[in-house]
Amino acid sequence: MALHLYNTLSGKVEEFRPLDDHEVRMYACGPTVYDYGHIGNLRTFIAVDILRRFLRQSGYKIRHVMNITDVDDKIIRNSTKAGVSVKQYTAKYEKAFLEDISSLNIEQPTLVRATDHIPEMAQFIAELQEKGFAYRTEDGSYYFRIANFPGYGKLSKKDFAGMEDGARVDVDEYEKDSARDFALWKAPKPGETSWETSIGPGRPGWHIECSVMAMEELGDTFDLHAGGEDLIFPHHENEIAQSEALSGKPFAHFWFHVRFLLVEGEKMSKSLGNFYTLRDLVLKGHRPSSIRFLLASVPYRNQLNFTFDGLKQAAVSVERLRNFQLRLTTGQFPAGATPSMAELARETAERMRAGMDDDLNTAQAQAAIFDMVRRVNAAMDAGQFKNDDIPPLLASLQSFDELFAVLKDDDAPKIRSIVEWAKAEGRENEISKELLETVEAQQVSDAEIEKKVAQMEAARRSRNFKLSDAIRAELGTMGIAVEITKDGVRWKRK
C-alpha cells in the first residue's frame, strides 16, 4: 500500500506521488512571530513533522521549507506600540518559537524569513503587473486583480461569481467570504517600517511573502503545501492565484491542512481563559512529550478536543511506552525465541504502516503499538518470553518512535529552560510545585542515585525493610521513582 492523503485542492483522498520519485519538496506555513504560539498552532506543526518523518521513513529524501513571517499588520502594529523596530520585536518571538518546536521534538525545516526577500517580492509584483494581474494605486500600493484569474476559489471551493469587480481589501486577514483584490504591496504610512525597492517604498502584503519564498526555494511547482485549516482562505487561495498567474504552472500539487482544536469542548479564546501556549502548559506541570503525544493522538483532519484529563492520560501512555522499552532492554529472559513474538512484531509493523498510509491515521498507529505492548507484557509476566524475541519487537517500537518521538526521556532540560524563562519574565508564581520537583530531581547526578539505590538493595537483602523504605522515600523526595520488579530494581526521574 502507498501513502494516501486528503488533498484539499481535489477535495478527496488521493495516492501521494511526488514529481520526483526520490524526493519530496514541501512547503509549510510557519509562524507569524508577533506572540507566543498556541497549542492550535503547535498541533499543525506536529502533524507536518509527523508527515515529514513518515515520508522519510518511506524512503524519500525531503526538502522541507518553512517561512517565518516577520513583517505583517500585527507585527507593525505591535512593534510600533512597543516603540521598538520590527527586527527587535520579532527576534524575541522567533527565538521562542524555535525553542518550542525543539521542546516538542519537531525537526527544524529550512527556515526562510520574509524580511530577507523584499527585493525578490518587489520583482515578483512588477512581473505580475506586466502580465496584467497586478495594478498600482495612487498611493503607491499594488493589488492583485482577481477578475483576471478565472481559477480563483478552486482551493476553498467558494463561489465568487457575484463579487464586486475592483473592490479592494488592504488588511492581511479579512472576512472568510470576502473576495476582493488583495494587497501585494502596501505604500508606507507615517511612522511605519518600510523598504525602498524597484517598485517604490513600502512593505509586502502577507500573501506575496509565501509565494515568493516557496517558489525561490522549491521551484515554480512543487509537491505539497501544508498549513492550518484557517489558512485555506484567503491566504492559500491568494498564494495560488498570484503564483500561478506568474508561472502559468500548478503551484502545489497537494494541499495538506490540519484542523484546529477545541479546549475542553470550546473554541480556544483568550476571552474564555482557555488559550494555552506550550509554556503555559509546562508551567502547570505538564511535560513536552505528553503534549506532543496528545496533539498527535487524533488524526490531523479530525477535531481534537484538548482536555487536561487527556493530557494526564497522554503522560501515562508515554510512561507506559518508556517502561516497556526499559523492560525490553534491561530484562533478564531465557535463551531462545518464541515464534508468536516475531509474528506479533511483524503484524504490529504492518498495522502501523497501514494506519499511516491511510491519510496519516495516527490513532491506528498508536493502537497497534499499545496492543503489542499489552500482549508482550502479558507474555513476560507468564514466563513465555525469550531473549531472541527482543530485537524484532524493539525494532517495531523504534519504528513507532521515528514518527512520534516520545520515547527518549529528554523532558527535563526543556522544562528547566522554560522555568528559567518564566523567572526572567516575572512569572515565578505560575511555576507549579510538580514542576519544581522535576527540576530539582535533575540536580542529583546519576552516580548519587545509583549509590542510594545500591544502599536500598543492600538493606532489602539484609531484610532491613525499614531502612530500605526510608531510602526509597528519600529518593522520592528528590524526584526519583524507584520500582522493584522481579527483574531487579529500576529507577527513573519523575
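Residues numbered from 1 in each chain as written. Predicted model: local features only at pLDDT ≥ 70, side-chain atom pairs only at ≥ 80, totals over all residues. Heavy atoms only, no water.

### Considering the sheet that holds strand β15 (residues 266-267)
Within the open sheet, the three strands sit side by side as β15-β14-β16. Their pairing is mixed. The open sheet is flanked by β15 and β16 (304-306), the only strands paired with a single partner. The pairing of strand β14 (residues 261-263) with β16 spans three bridges and is parallel. When the sheet's bridge partners are listed, V263 is paired in β16 with F306. Together, β14 and β16 form the strand contacts of helix α1 (residues 39-57), whose direction differs from that of β14 by roughly 140 degrees. (Pairing = 2+ DSSP bridges. Helix = DSSP H or I, 4+ residues; strand = E, 2+ residues; numbered from the N terminus. Contact = heavy atoms within 4.5 Å. Axes fitted to C-alpha atoms, helices over the stretch in contact; angles between N-to-C directions.)

### Notes on the packing of aromatic side chains
As enumerated under the stated definition, the model contains 18 aromatic pairs in all. With centroids separated by 5.1 Å and ring planes inclined at 70 degrees, the aromatic side chains of F16 and F254 adopt a geometry described as edge-to-face. Taken as a pair, F16 in the loop between β2 (12-15) and β3 (23-28) and F254 in strand β13 (residues 252-258) lie far apart in primary sequence, 238 residues in all. Note on accessibility: F16 and F254 belong to one class, buried. Arranged with centres 4.3 Å apart and planes meeting at 25 degrees, the rings of F256 and Y300 form a pair that is stacked. Of this pair, F256 sits in strand β13 while Y300 sits in the loop between α8 (288-295) and β16, placing them 44 residues apart in sequence. Judged by relative accessible area, which is 0%, F256 ranks as buried. Ring-pair connections join several aromatic residues into one group, and the members of that group are Y36, Y89, Y93 and W421. If you follow K74 out to its NZ or CZ, it ends over the ring of Y34, 4.9 Å from the centre. We note K270 situated over the ring of F275; from NZ or CZ to the ring centre the distance is 5.1 Å. (Phe/Tyr/Trp six-rings, centres within 6.5 Å; stacked < 30°, edge-to-face > 60°. Buried < 20%, exposed > 50% of the residue type's maximum accessible area, 1.4 Å probe, protein only. Lys NZ or Arg CZ within 6 Å of the ring centre and 35° of its normal.)

### Some remarks on the nonpolar core
In terms of nonpolar packing, the biggest core is built from 140 residues, with L5, L128, F144, F256 and L321 touching the most fellow members. The element best represented in this core is α1, accounting for 10 residues. Among residues more than four places away in sequence, those in contact with L321 are F293, I369, F370, V373, L397, F400, V406 and L407. Formed by nine residues, the second largest nonpolar core is a distinct cluster that contains V444, I449, M456 and I480. (Core = buried A, V, L, I, M, F, W, Y, C linked by side-chain atoms within 4.5 Å.)

### With respect to helix α2 (residues 73-82)
Among all positions of α2, only D73, K74, I75, I76 and S79 are buried. Next to the buried residues of α2 lie α3 (86-103), β9 (181-186) and β11 (200-204). Measuring from the backbone nitrogen of K74 back to the side-chain oxygen at the start of α2 gives 3.2 Å, which picks out D72 as the cap. Positioned one or two residues after α2, G83 has a phi angle of 70 degrees, which is positive. (Polar contact = N/O pair within 3.5 Å; in protein donor to acceptor, adjacent residues only side chain to side chain.)

### With respect to empty space enclosed by the protein
What the rule picks out here adds up to three cavities of 30 Å³ or more. Volume-wise, the largest cavity comes out at about 70 Å³. Together, R43, I46, A47, I50, L295, A296, V298, P299, Y300, L360 and T362 line the largest cavity. A breakdown of the residues in the lining of the largest cavity according to their chemical character gives nine nonpolar, one polar and one charged. (1 Å grid on protein atoms, 1.4 Å probe; cavity = no way out; pocket = protein on both sides within 12 Å on 5 of 7 lines; lining within 4 Å. Points joined across faces, edges and corners; volume = space filled by probe spheres on them. Nonpolar A, V, L, I, M, F, W, Y, C, P; charged D, E, K, R; others polar.)

### Considerations on the side chain of R203
Tracing the sequence through the fold places R203 in strand β11. A relative accessible area of 5% means that R203 is categorised as buried. A polar atom in the side chain of R203 sits 3.1 Å from the side chain of D73. Discounting residues that sit within four places of it in the chain, R203 has contacts with V71, D72, D73, I76, W185, K186, E192, T193 and W195.

### Description of the packing of α2 against α3
Axis separation between α2 and α3 bottoms out at 9 Å; the angle between their running directions is 105 degrees. Our classification of the angle between α2 and α3 gives roughly perpendicular. Contacts from I75, I76, N78, S79 and A82 in α2 reach V86, Y89 and T90 in α3. When the residues that make up the contact of α2 with α3 are grouped by side-chain class, the tally is five nonpolar, three polar and no charged. (Parallel < 35°, antiparallel > 145°, perpendicular 65-115°, else oblique.)

### Some words on helix α4 (residues 118-130)
With 13 residues, α4 should cover 18 Å at 1.5 Å per step; its first-to-last C-alpha distance of 19 Å lies within 8% of that length. Listed as buried for α4 are I118, M121, A122, F124, I125, A126 and L128. (Expected span 1.5 Å × (residues − 1).)

### A word on the packing of helix α9 (residues 308-330) against helix α11 (residues 362-381)
For the pair α9 and α11, interaxial distance at closest approach is 11 Å and the crossing angle is 45 degrees. As the angle between them shows, α9 and α11 are arranged oblique. As α9 packs across α11, the resulting crossing turns out to be left-handed. For the pair α9 and α11, contact is made by S317, R320, L321, F324, R327 and L328 and by I369, F370, M372, V373, R374, V376, N377, M380 and D381, respectively. Of the residues assigned to the contact of α9 with α11, the class counts are nine nonpolar, two polar and four charged. (Left-handed = near helix turned anticlockwise from the far one by under 90°.)

Just distances and angles here, no functional claims.
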